[in-house]
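# Structure assessment
So you can see what is in the structure, the chains are spelled out below.
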Amino acid sequence: MGLSSLLGRLATDAPVAVTVVAGADAGDVAPDLCLRPEVSLVTGPRQAEVLLLAGTCTDDLLRAALAAHDAIPPPRIVLAWRAAPGDVVSAAFPGVERCEDEDPVPTLRRIAAELRTGQRPSSPLRGAPTARSAWRGVGPFGQGGRGRRGGEPYGRPLARRETARDGLLIDALEVPVGPLQTGVPDGFTGTITFHGDLVARLEVGRNPFLSPHLTGCQPAFLRSLEHPVAVEELELERARALLRAVAWTLRVHGLVSLGERVLRLAAGLRPQDQDQVVRLRRFVTRWAVSGGQLRRVGVIDPALLAGRSLGPLARAAGLTEDLRAEDPAYLALGFELANEAANNDAAGRLRQRLMETEQALQLAQRAGPEAVRAPGPVEGPRGVIRAGSAPADRLEPLLPQLVVGLGWQDVAGLLASLDLDRREAAWVAATTSPASGARR
Amino acid sequence: MTVSTGVDGDAVTGLATYGAALAVFAAALAAVMVLRWAGTAITEVPLEEHAQVPFTGGEPPRFHAWNRYHVRYYVMTLMFLAFDLEMVYMYPWAVVFAREGLVAFVEMGMFAAILMLGVVYAWRERGLTWA
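All of the points below concern the structure found in this document. (Residues numbered from 1 in each chain as written. Chains lettered and ligands numbered in written order. Predicted model: local features only at pLDDT ≥ 70, side-chain atom pairs only at ≥ 80, totals over all residues. Heavy atoms only, no water.)

## Comments concerning helix α5 (residues 105-116) of chain A
Residue and element names in this part refer to chain A. Threshold: Only DSSP runs of H or I with at least four residues qualify as helices, and only runs of E with at least two residues qualify as strands; both kinds are numbered from the N terminus onward. For a helix, the expected span equals 1.5 Å multiplied by the number of residues minus one. Only protein chains enter the calculation, and the probe is 1.4 Å; a residue is then buried if its accessible area is under 20% of its type maximum, exposed if over 50%, and partly exposed in between.
Between the first and last C-alpha of α5 there are 16 Å, a value that for 12 residues agrees with the 16 Å anticipated at 1.5 Å per step. Listed in full, the buried residues belonging to α5 are V105, T107, L108, I111, A112, A113 and L115. After α5 finishes, the residue G118 shows a positive phi value of roughly 80°.

Right under this line is the structure:
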């Protein structure tokens, strides 16, 4: 008795391994959970025990969530946090645990403890289409009996052959990238075709966050399209978004704990924290990253970026595009364009983001609570946000030509340095429907 | 007699040595079996079929992962072989060169020229460019 109660107590004290499927209106839940010691945010369903469904779950997200659910080894459990009642989640996961609190962590801990001590049954398989079929074929390796090319081992055909760019006949491996893929931006979907270890083609899939009715709190930059918003609020939000992009870049490049420190800084960011950002910029650019990993990764021809209003991305490439330079509210604060222009690679973009974070904090401090910006198209943390056009929408058509010929690690580095945010694009699409666009 | 006892003694010592090796082998085998049994006995969570398919972010894989892979580091391997073989032959050749003189020098020149073809090929494949 003593031993089992001791083991039970130890089991309930261990951090909860969570994998998150977050809709567009719950975008910050993953970075917030990263900072909680009671929760361990794992990189994929194989290491998880709880599947957290946060915010609006679209059909695309739900399909991925079902696959993730079935990939979690039992015992497993699902928690829907701030999901609209009676939506697709209840239909897909009958009897799912729900939570509407501000903070999902206490509920996460409670259900994980109940699961671990056997008071709650494991969630049964939902029959996602990833189930493998039987090995078919007559040859000694299930290959169909005529050479290596025939047959369908486990019901999946073998890769097609294509001619690689060096003239070698090679198997082209098509890898579907789902919305929950580790190492790429959240919600990035598509099909990458590999020739060996290099990318031969990329087809970008549709945005899984797109939903006509997002329920959560509208982000400040989206509100600013139609309503006057305080410059201080916008600039703090910008600084936070930029720091999160920096943290994600650091994480992708293996500097996980430094990334966590940056996330912590972003979570409690105040205008007075400029010196911390300066210290971080010096540390990151001189020591940790730009010395090697990020240099010459993801170089983009500035001509490709011109005219697309892609914010820090364009300014790191030496382009002078910033809507704030024409905004009277910002000109009154003495806004000056920050331009990196030293080298147009992932390291340059990291420096540019940190410089702009610093600048945003300075602007927030100078603006104070009373300076207000007039509604209209706004320079967001990733580029200009207009009615019906988000930065991600303008960036995605460039991706296929940017990734061809890169290895997977450089694709991950490039995508992290681009800071593709499909949640923002979903918000833009949801707030500026065709009807409201016509009203303008 | 003394010779035969000596032989017997040696045979016994030899058997004893094998016996010790056998005992170590048997103990190791038993340890492996026990650990394997304990491993399956305490986990008791069978791997479901869904968990045996690669998780590619929520989309089912379209092709089997059994494919031919382009080994791009072959250029580096080529360079290694070219220079390594050269060095392997140069040491014994240095001894022969002292005795044979010019003939050995010409022969080595021919050998190195053939190896150089490999280096030129690697050069064409951009194997000498850093990163």
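## Brief notes about the side chain of E321(A)
Residue and element names in this part refer to chain A. This is how it is decided: By the counting scheme adopted, Arg and Lys are positive, Glu and Asp are negative, and His together with the chain ends is not counted. Counted as salt bridges are all cases of a side-chain nitrogen of Lys or Arg within 4 Å of a carboxyl oxygen of Asp or Glu. As used in this structure description, the phrase polar contact means that two N or O atoms lie within 3.5 Å; if the pair is within protein, one of them must be able to donate a hydrogen and the other to accept it, and residues adjacent in sequence are counted only when both atoms belong to side chains. Any two residues whose heavy atoms approach within 4.5 Å at even a single point are treated as in contact.
In this structure, E321 sits in the loop between α11 (312-316) and α12 (328-331). An unpaired buried charge is present at E321: no salt bridge exists, and R315, the closest side chain of opposite charge, is 6.8 Å distant. Here the side chain of E321 touches S309 through a polar contact of 3.3 Å, landing on its backbone nitrogen. Beyond its immediate stretch of four places on either side in the chain, E321 contacts L305, A306, G307, R308, S309, L310, A314, R315 and E379.

## Some thoughts on the packing of aromatic side chains
The description of two aromatic rings rests on the distance between their centres and on the angle between their planes. Convention followed: Only centres within 6.5 Å qualify two rings of Phe, Tyr or Trp (six-membered ring in Trp) as a pair; their planes then separate them into stacked at under 30 degrees, edge-to-face at over 60, and tilted for everything else. Throughout this description, the term charge over a ring refers to an Arg CZ or Lys NZ atom that lies within 6 Å of the ring centre and within 35 degrees of the ring normal.
All told, the structure shown has 5 aromatic pairs over all chains when counted by the stated rule. An angle of 80° between the planes, with centres 5.1 Å apart, marks the rings of Y89(B) and F111(B) as edge-to-face. With a gap of 22 residues between them, Y89(B) in helix α2 (residues 74-100) and F111(B) in helix α3 (residues 102-124) connect regions that are remote in the sequence. Consider the rings of W93(B) and F97(B), whose centres lie 5.1 Å apart with planes at 25°: the pair is stacked. Taken together, the residues W93(B) and F97(B), both in helix α2 and 4 residues apart, mark about one turn of the helix. You can call F97(B) partly exposed: its relative accessible area is 35%. Among the aromatic residues, those joined into a cluster by ring pairs are W93(B), F97(B) and F105(B). Its end group placed over the ring of Y330(A), R324(A) keeps NZ or CZ at 5.9 Å from the ring centre.

## Some points on the interface of chain A and chain B
Basically, it comes down to this: Only Asp, Glu, Lys and Arg are considered charged, only Ala, Val, Leu, Ile, Met, Phe, Trp, Tyr, Cys and Pro nonpolar, and every remaining residue, Gly among them, polar.
Contact residues are listed per partner, giving 48 residues for chain A and 24 residues for chain B. With a shortest N-O distance of 2.9 Å, E59(B) and R63(A) are connected by a salt bridge. Where chain A touches chain B, the interface holds 4 residue pairs in polar contact (both at pLDDT 80 or more). Sorting the residues of the side of chain A that touches chain B by element identifies α3 (59-71), β6 (160-163), β7 (169-177) and β8 (190-195) of chain A as the ones contributing at least two each. No other element matches β7(A), which puts 8 residues into the side of chain A that touches chain B. Taken together, the residues that form the side of chain A that touches chain B break down as 27 nonpolar, 8 polar and 13 charged.

Shape descriptors only; they carry no functional weight alone.
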